[in-house]
Amino acid sequence: MGVDIKFSQSYYWLNSWIMANIIQLATQDFCDRFVDYRMDPGRRLYDQMVMAARCGVANIAEGSARHSTSIETEMRLLDVARASFDELQGDVFNFLLRKKADVWAIGNMDRETIWQMRLDSPDYSNSYLHDAAKHILTQKGKFDRWLENDNPEIAANALLVLCIRENKMLQSQIRGQLEGFRRMGGFTENMTAERLEARKAQSSKAGAPACPKCGKPMLKRMQKKGHMQGREFWGCSNYPECNGIRPIDKPE
């Protein structure tokens, strides 16, 4: 597989990024309405919750934008996003504890409805920023009867369920990236493969000899250690599968 530099804002099409934006908007609204001075006199909880949601969105975007050049970085940033939503989930859970409110159990009708609600697939035109904004608000509207409810316990429980859903989505996304890395390698591996192919083509044009073992074209290599360190020789382009070598004839 060769190196392929893809569109860096392809995350606009990711359901995990869309759900993260829904959670960010819901968190901002929740904090504006329910995290008041009596609960949070220094506004630290407000800032922490809003920033956790914001960091989740930002790290999904930044990680996915790095997909073409570093799958490792992408996975790390997606995991940071997952940790941000875990932090937000903890704050919402604590809010419910402070209220001595009921935390919805598995099987609760509202919880199951929110858990099963599917997001529509994005269908953007060339004006993808305009379309993405409309799409996110439309998808958020599916959850608004819970998220925008005047009862803080309902709004908090709905936000809690969405945080858990987002965590599962990111976990699946990271697992998929890891599997892709195992099958196809990352940017560094593919850059090495691209360079090897270019060297093979150059050697072929330069009249490089065929490998005496497997017949494939050979590449100029340099001995890196030993008493012959620095000496050039022909090495098989299929190394390490084939270790055929030839000496380079010195011009008379």
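For the structure given in this document, a descriptive report is provided here. (Residues numbered from 1 in each chain as written. Predicted model: local features only at pLDDT ≥ 70, side-chain atom pairs only at ≥ 80, totals over all residues. Heavy atoms only, no water.)

What the chain contains, in helices and strands, is eight helices and three strands. Scanning the chain from its N terminus toward the C terminus, one meets helices and strands in the order α-α-α-α-α-α-α-α-β-β-β. Expressed as a percentage of the 252 residues in the chain, the buried residues total 38%. Across the chain, every contact between residues at least 6 apart in sequence was considered, and the portion connecting residues at least 24 apart equals 64%. Taken as a whole, the chain presents about 14,900 Å² of accessible surface, with 51% of it coming from carbon and sulfur. (Helix = DSSP H or I, 4+ residues; strand = E, 2+ residues; numbered from the N terminus. Buried < 20%, exposed > 50% of the residue type's maximum accessible area, 1.4 Å probe, protein only. Contact = heavy atoms within 4.5 Å. Areas by Shrake-Rupley, 256 points an atom, 1.4 Å probe, with all protein chains shown as cover.)

Taken together, the three strands give an open sheet; going across it, the order is β1-β2-β3, and neighbouring strands pair in antiparallel fashion. In the strand order of this sheet, the two ends are held by β1 (218-222) and β3 (245-247), each with one partner. Taking each pair of neighbouring strands and ignoring which way they run, the sheet shows an average axis angle of 35°. The pairing of β1 with strand β2 (residues 232-236) spans five bridges and is classified as antiparallel. Across the sheet, the residue bridging to Met218 is Cys236, located in β2. (Pairing = 2+ DSSP bridges. Axes fitted to C-alpha atoms, helices over the stretch in contact; angles between N-to-C directions.)

What follows concerns the packing of aromatic side chains. This structure, assessed with the given rule, holds eight aromatic pairs. With 5.2 Å between their ring centres and 80° between their planes, Tyr12 and Tyr128 make a pair best called edge-to-face. On the criterion of sequence distance, the pair formed by Tyr12 in the segment before α1 (15-34) and Tyr128 in helix α5 (residues 128-141) is long-range, its members being 116 residues apart. Feature note: the residues Tyr11, Tyr12, Trp13, Trp17, Tyr124 and Tyr128 constitute an aromatic cluster, connected by ring pairs. In this arrangement the basic side chain of Arg43 is found over the ring face of Tyr46, its NZ or CZ atom lying 4.2 Å from the centre. (Phe/Tyr/Trp six-rings, centres within 6.5 Å; stacked < 30°, edge-to-face > 60°. Lys NZ or Arg CZ within 6 Å of the ring centre and 35° of its normal.)

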